[in-house]
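Observations on chain architecture
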Protein chains: 2
Amino acid sequence: MSTVKHLEEIEVDDCERLLRSGVFGRLVLVADGRAEIVPVNYTTHGDAVWVRTSPGSLLDRHADGVPLLLEVDHVDHERAHGWSVVARGRGERVPDGERTPEERRTPGPPRWVRREDEVWIQLRWEELTGRRTGSGWDLTDGLPVSRVGR
Amino acid sequence: MSTVKHLEEIEVDDCERLLRSGVFGRLVLVADGRAEIVPVNYTTHGDAVWVRTSPGSLLDRHADGVPLLLEVDHVDHERAHGWSVVARGRGERVPDGERTPEERRTPGPPRWVRREDEVWIQLRWEELTGRRTGSGWDLTDGLPVSRVGR
């Protein structure tokens, strides 16, 4: 067990690196006046997060054109530390058939859920922020999955 | 890699069991019209979640008397499955000195952040919901930390 630490901000470059190296996070939005949180597998392409959803889902119905955030975090219970990164922007609903050829060539997020049909939600980030408990340890230490070099 | 699954609801008893066995989650609230997400260590006491925060923090300033949710999840990237549980209720700010003797005797959440002074946020849950990808696997499998028997 490490000593107790202060909360510290994560620099924007590190936020972006952590966001791009992750594959699982949580989308948060306000729908019908109520905060909602939806766990998602995601991928990044350019400066945007992409997630799949099903037609008729909460994201399909409510994420288009509204403020959206994706939160990604990692905690190490043994070492008693962790970090969290939040990407904020506006959601955009993109039917599968409307993705550009380049977007189609980008590998999608891991596919854990079976869907007959799918819709994509894009979140172009306008703000990246992050916090960590303490400094002096590698933020990418112990990450279970990474798409890019650390 | 398992086969792709459907999303399924988690029964409320299992939601409660997972919530009570966890120690880390994310509080979500709407503050000044904007959705906010705050990673927290938590503990449960009775039918309430308790978290510590610092005087002046976002939770201290905005969580009292407003709708609050705590999300807890666990994913297994190798097995390509996961679950998420959400507890909803109203936040209550409790200064450290106003906790009952019984509340003081309850072990608090892991203390990863150093604070000069602390305030407690209590979330008495009124609604517990959860989702999992597929069935036929143990929801408590691979959990890094557990306070109670699984």
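The following paragraphs examine the structure supplied in this document. The structure displayed is predicted, hence computed values, not measured ones.

Turning our attention to the interface of chain A and chain B. Across the boundary between the two partners, chain A contributes 36 residues, which contact 36 residues of chain B. Carbon and sulfur atoms supply 66% of the area buried between chain A and chain B, which totals about 3300 Å² over both sides. Close ionic contact of B:R34 with A:E127 constitutes a salt bridge, the shortest N to O distance being 3.4 Å. Where chain A packs against chain B, one counts eight residue pairs in polar contact (both at pLDDT 80 or more). Secondary-structure elements contributing two or more residues to the side of chain A that touches chain B are β2 (24-31), β3 (34-41), β6 (67-76), β7 (81-95) and β8 (119-133) of chain A. With six residues, the single largest contributor to the side of chain A that touches chain B is β3(A).

Right, let's get into the pairing of strand β3 (residues 34-41) of chain B. Every regular strand shows the same layout, with side chains that alternate between the two sheet faces. All names here are of chain B. Counting buried residues along β3, six of its eight residues qualify, which places the element largely inside the surrounding structure. One ladder, built from eight bridges, connects strand β2 (residues 24-31) with β3; its direction is antiparallel. Residue pairing for β3: V30 is matched across the bridge by A35. Taking the residues that link successive antiparallel strands as the turn, the β2-β3 hairpin has two residues, and the phi of D32 there is positive, at about 55°.

For the rest of this paragraph, the subject is helix α1 (residues 12-21) of chain B. When we look at burial in α1(B), the residues that qualify are B:C15, B:L18, B:L19 and B:S21. Residues of α1(B) that are buried in the fold lie against β4 (43-45), β5 (48-53), β6 (67-76), β7 (81-95) and β8 (119-133) of chain B.

Rotating chain A by 180° and moving it 0.0 Å along the rotation axis overlays it on chain B with an RMSD of 0.0 Å. The operation mapping one copy onto its partner corresponds to a two-fold rotation axis. Of every C-alpha in chain A, the one belonging to A:A35 sits nearest the axis of rotation, 3.4 Å from it. Looking at the interface residues of chain A, 100% of them are also at the interface in chain B, so both copies use one shared face.

With that settled, the discussion passes to the packing of aromatic side chains. Centre distance and the angle of the planes are the two values used to describe a pair of aromatic rings. Residues and elements named next belong to chain A. In this structure the tally under the stated criterion is two aromatic pairs over all chains. Where W50 meets W120, the ring centres are 6.0 Å apart and the plane angle is 70°; that geometry is what we call edge-to-face. Of the two residues, W50 is situated in strand β5 (residues 48-53) and W120 in strand β8; the sequence distance between them amounts to 70 residues. For the pair W50 and W120, a shared accessibility class is recorded, and that class is buried.

This part covers the side chain of A:H62. Residue and element names in this part refer to chain A. In this structure, H62 sits in helix α2 (residues 58-62). Residue H62 is classed as buried on the basis of its relative accessible area of 18%. In this structure, H62 is in contact with L29, A31 and D32, ignoring residues within four places of it in sequence.

Attention now goes to the environment of B:H74. Residues and elements named next belong to chain B. Inspection of the secondary structure puts H74 in strand β6. For H74, a relative accessible area of 18% gives the class buried. Separated by 67 residues in the primary sequence, H74 and D141 have C-alpha atoms spaced 9.4 Å apart. Look past the residues within four positions of H74 in its chain and what remains in contact with it is H81, G82, W83, D141, G142, L143 and P144.

Residues and elements named next belong to chain A. Within β6, nine of the ten residues are buried, which leaves the element mostly enclosed by the surrounding structure. Sheet analysis places β2 next to β6, joined by three bridges and oriented antiparallel. Residue pairing for β6: L27 is matched across the bridge by L70. Relative to β7, β6 runs antiparallel, the two sharing ten bridges. Pairing of H74 across the sheet is with W83, part of β7. Turn length for the β6-β7 hairpin, with the two strands adjacent in sequence and antiparallel, is four residues, and the turn residue A80 shows positive phi of about 60°.

Rules used in this analysis
Residues numbered from 1 in each chain as written. Chains lettered and ligands numbered in written order. Predicted model: local features only at pLDDT ≥ 70, side-chain atom pairs only at ≥ 80, totals over all residues. Heavy atoms only, no water. Contact = heavy atoms within 4.5 Å. Buried area = accessible area lost by both parts, 1.4 Å probe. Salt bridge = Lys/Arg side-chain N within 4 Å of Asp/Glu carboxyl O. Polar contact = N/O pair within 3.5 Å; in protein donor to acceptor, adjacent residues only side chain to side chain. Helix = DSSP H or I, 4+ residues; strand = E, 2+ residues; numbered from the N terminus. Buried < 20%, exposed > 50% of the residue type's maximum accessible area, 1.4 Å probe, protein only. Pairing = 2+ DSSP bridges. Least-squares fit on C-alpha atoms with pLDDT ≥ 70 in both. Phe/Tyr/Trp six-rings, centres within 6.5 Å; stacked < 30°, edge-to-face > 60°.

By themselves these figures say nothing about function.
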